[in-house]
Amino acid sequence: MGEKWEEMSLLRRILVVILAVMIVGFGAATLIAGGQKGIEYRDTLLRLTQEGEVRRYAGRLDWKRTEFTVCPGRTVEYRWGDEAYGPYQIVEDPAAAPEYYMTGLEIYQDGKQVFRGGYKPSGSWLVLYSEDGEPFGMVDFTVSAGGKTYDSNGKELTARDLHAPDLSTVARLAMDEPELTHRGHFGLYLLVTLLAAFNIFQICYPELMFRWSIMWHVQDPYAAEPSDWYILMERIEWVVLTGVVAVLYWAALTVID
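Let us look at the structure shown here. Residue numbers here run from 1 along each chain, matching the order of that chain's written sequence. Totals for whole chains, interfaces and linings use every residue, but because this is a predicted model, local features are given only for residues with pLDDT of at least 70 and side-chain atom pairs only at 80 or more, for both listing and counting. Side-chain calculation: all heavy atoms of the structure are included, whereas hydrogens and water are not.

**Observations concerning the packing of aromatic side chains**
The rule is short: rings of Phe, Tyr and Trp, with Trp giving its six-membered ring, pair when the centres are within 6.5 Å, and they are stacked under 30 degrees, edge-to-face over 60, tilted in between. The final tally for this structure, using the stated rule, is 10 aromatic pairs. A ring pair is formed by Tyr41 and Tyr78, whose centres lie 6.1 Å apart and whose planes are at 65°; its orientation type is edge-to-face. Taken together, the residues Tyr41 in strand β1 (residues 38-41) and Tyr78 in strand β5 (residues 75-80) connect sequence positions 37 residues apart. Seen in terms of ring centroids, Tyr100 and Tyr101 are 5.3 Å apart; in terms of plane orientation they differ by 85°. Their pairing is edge-to-face. A run of H or I in DSSP counts as a helix once it spans at least four residues, and a run of E counts as a strand once it spans at least two, with each numbered from the N terminus.

**With respect to the packing of helix α1 (residues 10-34) against helix α4 (residues 186-204)**
Fitting a line to C-alpha atoms yields each axis, with helices limited to the stretch in contact; the angle taken between N-to-C directions then spans 0 to 180 degrees. Packing of α1 against α4 brings their axes to within 10 Å, and their N-to-C directions diverge by 165°. Taken as axis vectors, α1 and α4 run roughly antiparallel relative to one another. At the point where α1 passes α4, the crossing takes the left-handed sense. Between α1, through Arg12, Leu15, Val16, Leu19, Ala20, Ile23, Phe26, Gly27, Thr30 and Leu31, and α4, the contact on the second element is made entirely by Phe186, Tyr189, Thr193, Ala196, Asn199, Ile200, Ile203 and Cys204. Residues that form the contact of α1 with α4 fall into these classes: 13 nonpolar, four polar and one charged. Roughly parallel refers to an angle under 35 degrees, roughly antiparallel to one over 145, roughly perpendicular to one between 65 and 115, and oblique to any angle outside these ranges. Each crossing gets its handedness from the near helix: less than a right angle anticlockwise from the far helix is left-handed, clockwise is right-handed. The contact rule is simple, with two residues in contact once any of their heavy atoms fall within 4.5 Å. For this classification, the nonpolar set comprises Ala, Val, Leu, Ile, Met, Phe, Trp, Tyr, Cys and Pro, the charged set comprises Asp, Glu, Lys and Arg, and every other residue, Gly included, is treated as polar.

**Notes on helix α3 (residues 167-175)**
Counting along an α-helix, one turn takes 3.6 residues, and residues three or four places apart therefore face a common direction. Residue burial is assigned from relative accessible area. The probe radius is 1.4 Å, only protein chains are included, and a residue is buried under 20% of its type maximum, exposed over 50%, and partly exposed in between. Within α3, eight of the nine residues are buried, which leaves the element mostly enclosed by the surrounding structure. Among all positions in α3, only Leu167, Thr169, Val170, Ala171, Arg172, Leu173, Ala174 and Met175 are buried.

Rendered as C-alpha cells:
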C-alpha cells in the first residue's frame, strides 16, 4: 500500500514537500496577519499604530503609501503617495442633524466648510446625510473613456481627485475609534488544510486510492491494475490540487476578515 520515501517518484516527493511547506508557512503567516489590526479602506487594510493621542492608519493603495492621521481635537489628515489632503476638522453641531436620531456635524477642509448635516452609524459603516436629509455622496459615479476618467458632471478627474478621501471615512475616524479588522481567515485556512492533507494522503497512497475507487465496481479490486490513462490523470490531479491549495491559501491569508 504505502511506499518508503526513497521509493516514491521525484514528482510525488516534490509535491508532498510543497504541500507540507504550505501548511506550515501559510499557517504561521495567517496567525501573524491576524495580529496586525487596522481598518478596511477601499478594499485594502490600513494598519493602526498609536503615538500618544495620535492614531495612524497606514498601508498601500494603488501601489502607493496611504495614511490617515487622527489628532486630538477631531482633526484628520490624509496622504496618498506624495499627495496630501486636509487637514479636516470635524465639529459637532446638533442643529445640523436632519433627523433627531442622527448626530449633527460639520466638516471643514483647510478652514472651508465641505459638509454640514448628520451621520448615522450603519454596522461598520458611517453614512452621512446632508441637512436636507439626502444621503451625501451616495449617487456620485465616474465614467472612463479614452483613458480618462470623468465625474457625474463631466469634469475630468486627476489621480489626486480619484484618491481624495471619503468624507464618511474622515468623519468615522474623527468621531470615534472604528472597529478594527485584520487580514487572514483562520477558519478558511483550516478548510484548505483539509484539502492539502487529502492530497498528501492520495499522493502517498495511490494504490489504496485506486482500490477504493473501484471496490464497488469489480468483484476483486486487489486483482485489478490501473491503466496508463488512469495513472496519467491521477498525476495531473495531484498537480492541479496542489495549485488549487496554493491559490486558496493565498486567499485565506489576504482576505480582510
